[in-house]
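If you want the building blocks of each chain, they are given just below.
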Amino acid sequence: MSEFHGNSSLDEAPPGFSFDNCHRNAMIEQVAAKSNSVLPTATKTGTTIVGMVYKDGVVLGADTRATGGTEVCDKNCEKIHYMADNIYCCGAGTAADTEKTTEMISSQLELLRMNTKSPSRVVTACTLLKRMLFRYQGHISAALVLGGCDVSGPHVYQIYPHGSTGKLPYTTMGSGSLAAMSVFETEWRDDMSESEAVELVKKSILAGIFNDLGSGSSCDTCVIRMDGTTEVTRGAVAPNPVAPLRAAINRSSKLNIGKGTTPVLSTTFTPARVTLADVTVTEMEQ
Amino acid sequence: MAVTYGEGVDSGVIVGADSRTSTGSYVANRVSDKLTPVHDSIYCCRSGSTADTQAVADYVRHFLAQHAITLDSKPQVKTAAYLFQKLVYNNKDRMSASIICAGWDPVNGGSVYCVPLGGACVQQDFAIGGSGSTYIYGLMDASYRVGMSKAECIDFVKKTISHAMARDGSSGGVIRLAAIDKTGVERFFVGGNDLPFTPQ
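Residues numbered from 1 in each chain as written. Chains lettered and ligands numbered in written order. Predicted model: local features only at pLDDT ≥ 70, side-chain atom pairs only at ≥ 80, totals over all residues. Heavy atoms only, no water.

With that settled, the discussion passes to the overall build of chain B. Each helix and strand in chain B was counted, giving four helices and twelve strands. A globule of 200 residues ought to have a C-alpha radius of gyration of about 16 Å, and chain B, at 16 Å, matches this closely. Every one of the 200 residues in chain B was classed for burial, and the buried ones make up 50%. Put simply, chain B has 18 plus and 18 minus side-chain charges, and the middle of one group is 5 Å from the middle of the other. (Helix = DSSP H or I, 4+ residues; strand = E, 2+ residues; numbered from the N terminus. Rg over C-alpha atoms; globule rule 2.2 N^0.38 Å. Buried < 20%, exposed > 50% of the residue type's maximum accessible area, 1.4 Å probe, protein only. Lys, Arg positive; Asp, Glu negative; His and termini not counted. Charge placed at Lys NZ, Arg CZ, Asp CG, Glu CD.)

This is the structure we're talking about:
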């Protein structure tokens, strides 16, 4: 029997930055320069994300605007990412980087839970994230607010793209972080109740939405409680609804094509004939 | 900064730092803890890039833990400082890390080692580092005395860090201290309102 393989995903990742895509990127830039075309800008989440600890858990909040340069790419994107049942992570920076980084660490956490048969700790997620981001020396543009509850209590961490971390009772990240932090610094108290905490988070995200150009649309919140329950609310506050704007546009009635406009002349139904392969089972040699 | 006090095996060190981490002109963390334990009685004061120093301190903590198992006793502060030196020197073109390694071990008592940006490793009676250190070299040279008592040393560290915080924009927040001697580590906290010296 071949040698037993331990969990290869938990083994040390190859050291150093992986330069595989640098050659490809250089080629793309050459082609673009020759044909005078404009390269698409990476979708960023110029963002307001916040996290805070309250009496019985943590509350995370995020706005929902994704920008590519000065254009809004997505008016309702999800910036609060699932890491584990008791751990969620808000991401600012390049949208693809935050999405894929949190996904990767989320799957590593799941494998670790299977191996250790115990729930994930927030500090584990933080360490896995910071090790990966440091390895890429800041080229992965992911600024994260990680929050969750575990056996040792509720925790909130801030993680920067270069791999530094800070553990705080409340924190904000993203382009709207200054606006949101001003709200927190004025009104955060130790041991707030859940409703007070959620109100404060909503207030700070709204400060980012209205005072920062990179943040906008609506506010998502996520409450993670010490008793193990979690509540993710998409659009907890939606001060910028799109429906009234759309309704105000007068479109030609030619564009409203009702069902039944195209007449059906005839209908035929032919069942597809699929022949299954011949399957025989033989016992493996011992 | 880190300062030695006392004599022989009764000696110890006081390590102290401010708590401001800044990204450009914004204070990212106003209550950060720059005093990081790498072993039971060995601490390091981190300055420079937070990402780099946190990563280096994690590596040293890992290697020192393994070393302590094979040695079957408390590792020397000199060893921890040498591990810092190896990492900082060999990666000097990729990193911005300036570390002060200080602690107590049964062989040498309390000792302080400075590992600045280039990766030198120098033992000193006291060491200061970081952007605010430039403002307190004179104060240190004038007021440090060999063989201070623990209480005198604590006041000395509090005072000098306050002076640095008063003049340097990148230093501020609160003062965190740790007293390390043969009985272990005792941590102190001085809030922003209780600083011994504030700008007038």
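The number of helices and strands found in chain A is six helices and 13 strands. Against the compact-globule benchmark of 19 Å for 286 residues, chain A has a radius of gyration of 24 Å, which places it well outside the compact range. Judged by the C-alpha coordinates and their principal axes, chain A covers about 75 × 70 × 50 Å. Long-range contacts, defined here as pairs at least 24 residues apart, represent 62% of the contacts in chain A between residues at least 6 apart. Summing over all exposed atoms, chain A offers an accessible surface of approximately 17700 Å²; the carbon and sulfur share of this is 56%. Each charge class in chain A can be summarised by its mean position, and for the 25 positive and 30 negative side chains these summaries are 8 Å apart. (Contact = heavy atoms within 4.5 Å. Areas by Shrake-Rupley, 256 points an atom, 1.4 Å probe, with all protein chains shown as cover.)

With that out of the way, let us pick up the side chain of Gln-54 of chain B. Note on placement: Gln-54 of chain B falls in helix H1 (residues 50-71). Given a relative accessible area of 11%, Gln-54 of chain B falls into the buried group. If we skip the residues at most four places from it in the chain, Gln-54 of chain B touches Lys-130, Gly-163, Ser-164 and Thr-165 of chain A together with Arg-46 of chain B.

Summarising the model, chain B shows a mean pLDDT of 92, and 98% of its residues fall at 70 or more. For this predicted complex, the interface confidence score (ipTM) comes to 0.90, while the overall pTM stands at 0.83. (pLDDT = per-residue confidence, 0-100.)

Scanning all chains against the criterion turns up 18 salt bridges over all chains. Salt-bridge contacts for Asp-63 of chain A lead to Lys-79 of chain A; the nearest nitrogen and oxygen are separated by 2.9 Å. Here Asp-63 of chain A, found in strand S3 (residues 57-63), pairs with Lys-79 of chain A, found in the loop between strand S5 (71-74) and strand S6 (80-84); they are 16 residues apart in sequence, far enough to count as distant. Of the two residues, Asp-63 of chain A and Lys-79 of chain A, neither departs from the other in class, the shared state being buried. Between Lys-130 of chain A and Asp-58 of chain B there is a salt bridge; the shortest N-O distance is 3.8 Å. Of this pair, Lys-130 of chain A sits in helix H3 (residues 122-135) while Asp-58 of chain B sits in helix H1, placing the two residues on different chains. Neither Lys-130 of chain A nor Asp-58 of chain B differs from the other in exposure class; each is buried. (Salt bridge = Lys/Arg side-chain N within 4 Å of Asp/Glu carboxyl O.)

Another aspect to go through is a negative patch on the surface. On the surface, a cluster of negative charge is made up of Asp-56, Asp-190, Asp-191 and Asp-227 of chain A. Of note, Asp-56 of chain A is situated in the loop between strand S2 (49-54) and S3. (Patch = residues over 30% accessible without salt bridge, like charges linked within 9 Å, V, L, I, M, F, W, Y side chains within 5 Å.)

Take unusual backbone geometry next. Unlike most non-glycine residues, Lys-117 of chain A shows phi in positive territory, near 55°. For Lys-117 of chain A, the location among the structural elements is in the loop between helix H2 (95-116) and H3. The residue Asp-72 of chain B is not glycine, and still its phi comes out positive at about 60°. With respect to the helices and strands, the residue Asp-72 of chain B is situated in the loop between H1 and helix H2 (77-90).

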